[in-house]
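# Inside the fold
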Amino acid sequence: MLVITVVYESIQKYYKDLTYNEQLAIDFILNYTDLKNLKLKVIEQELFISAPTVIRAIKKLKYPTFTAFKYALINNQEESTEKSENSEQQTFSNIIETIRTDFLMTLNMVEEETVNSIVDAIVNSRRVFCVGIGSSASVANSFTQKLKNFGIWANDYSDSFPIRDIPELAKHGDCIIVFSLSGAEEPIVKLLAQSKVSGATIISVTGFAVNPIAELSDITFMTHQSVPKRNRLRSRLMLFVASEIIFENVISRGSLKNKQ
């Protein structure tokens, strides 16, 4: 039985808006048996449909890239498997394997163009506002300190009152980067909605899924998150991984400039 998760809810909601060829592409992806190894060129060769048509269909389903959509489907398959196993207790080896899987899938999802766009926004901004609440606050704080140590103006915001003031502070030429696994925290959604009119560049680092924070962002870096065994405490490790990838590329950009 099909488990209806966010990705399938999105397909059901927006599928009717797709053209015939776009529907063919989505149907092909949904029925492909080896999703992890599926490439755009396979769809092009099998259906005689161009890559831009496939990407356009995926964006209509509210996913920013082919990779993000593909791994959303993969995650759904994993969720179905986890539920069928009905296991409540993880062994040491299972925990290590989960971390390994999340790490490798997050790396596989990284797109150079996305990271370059994020780095461009950060290094060309006057100020960088780093936002994260709850367990994601530590990610925002760590990333802020790294930017400061590199000579970039940055502040982190993790409490509701300071976050509320960001729309009045962030202007055109500034950058807001949000770390949120769920992409649905109400204070951050409100912040971003209010900040859209200011002209500040909005970046989100989140778990892959259709979520309001990603939809409000100019650039989105999506990470892989396995289905958790626990409901309340979810690891932010992949958010840290994403922040490290971004920062290492910021350093690399600075090093290249110094050599020129």
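Rules behind the numbers
- Residues numbered from 1 in each chain as written.
- Predicted model: local features only at pLDDT ≥ 70, side-chain atom pairs only at ≥ 80, totals over all residues.
- Heavy atoms only, no water.
- Helix = DSSP H or I, 4+ residues; strand = E, 2+ residues; numbered from the N terminus.
- Buried < 20%, exposed > 50% of the residue type's maximum accessible area, 1.4 Å probe, protein only.
- Contact = heavy atoms within 4.5 Å.
- Phe/Tyr/Trp six-rings, centres within 6.5 Å; stacked < 30°, edge-to-face > 60°.
- Lys NZ or Arg CZ within 6 Å of the ring centre and 35° of its normal.
- Polar contact = N/O pair within 3.5 Å; in protein donor to acceptor, adjacent residues only side chain to side chain.
- Core = buried A, V, L, I, M, F, W, Y, C linked by side-chain atoms within 4.5 Å.
- Salt bridge = Lys/Arg side-chain N within 4 Å of Asp/Glu carboxyl O.

Let's shift gears to the side chain of Thr223. Structurally, the position occupied by Thr223 is in strand E5 (residues 219-223). Residue Thr223 is classed as buried on the basis of its relative accessible area of 0%. Once residues lying within four places of it in the same chain are set aside, the contact partners of Thr223 are Thr106, Met109, Leu181, Val205, Thr206, Gly207, Phe208, Met238, Leu239 and Ala242.

On to the packing of aromatic side chains. The tally for this structure, following the rule as stated, stands at six aromatic pairs. Seen from their ring centres, Phe28 and Tyr32 are 5.5 Å apart, and the 40° between their planes marks the pair as tilted. Under the relative-accessibility criterion, Tyr32 is labelled partly exposed at 26%. Among the aromatic residues, those joined into a ring-pair cluster are Phe129, Trp153 and Tyr157. Stacked on the ring of Tyr14, the Lys or Arg Lys62 has its end atom at 5.2 Å from the ring centre.

On to the side chain of Ser217. Mapped onto the elements, Ser217 comes out in the loop between helix H11 (212-216) and E5. Its relative accessible area of 12% is what places Ser217 among the buried residues. Here the side chain of Ser217 touches Ser204 through a polar contact of 3.0 Å, side chain to side chain. Polar side-chain contacts of Ser217 include one of 2.6 Å to the backbone oxygen of Ile213. Apart from the residues lying within four places of it in its own chain, the contact partners of Ser217 are Leu192, Ile202, Ile203 and Ser204.

Core analysis: the biggest nonpolar cluster contains 32 residues, and Ile29, Tyr63 and Phe69 have the highest contact counts within it. Residue assignment for this core shows that the elements contributing at least two residues are helix H1 (6-14), helix H2 (20-31), helix H3 (40-47), helix H4 (51-60), helix H5 (66-85) and helix H6 (92-109). No other element matches the seven residues that H5 contributes to this core. In contact with Phe69, other than residues within four places in its own chain, are Val7, Ile11, Ile26, Ile29, Ile58, Leu61 and Tyr63.

This structure, assessed with the given rule, holds eight salt bridges. A salt bridge links Glu97 to Arg100; the nearest nitrogen and oxygen atoms lie 2.6 Å apart. Of this pair, Glu97 and Arg100 are both found in helix H6, three residues apart, which corresponds to roughly one turn of the helix. Classification of Arg100 as partly exposed rests on a relative accessible area of 42%. Arg126 is paired through a salt bridge with Asp174; the nearest N and O atoms lie 3.3 Å apart. One end of the pair, Arg126, is in the loop between helix H7 (112-123) and strand E1 (128-131); the other, Asp174, is in the loop between helix H9 (160-169) and strand E3 (175-180), with 48 residues separating them in the sequence. Taken together, the shared-partner salt bridges in this structure form one network comprising Glu22, Arg56 and Lys60.

On to unusual backbone geometry, then. Unlike most non-glycine residues, Phe48 shows phi in positive territory, near 55°. Relative to the helices and strands, Phe48 resides in the loop between H3 and H4. With relative accessibility at 75%, the residue Phe48 sits in the exposed group. At Lys62, a residue that is not glycine, the phi angle is positive and equals roughly 75°. Mapped onto the elements of the fold, Lys62 is located in the loop between H4 and H5. Residue class for Lys62 comes out partly exposed when judged on its relative accessible area of 37%.

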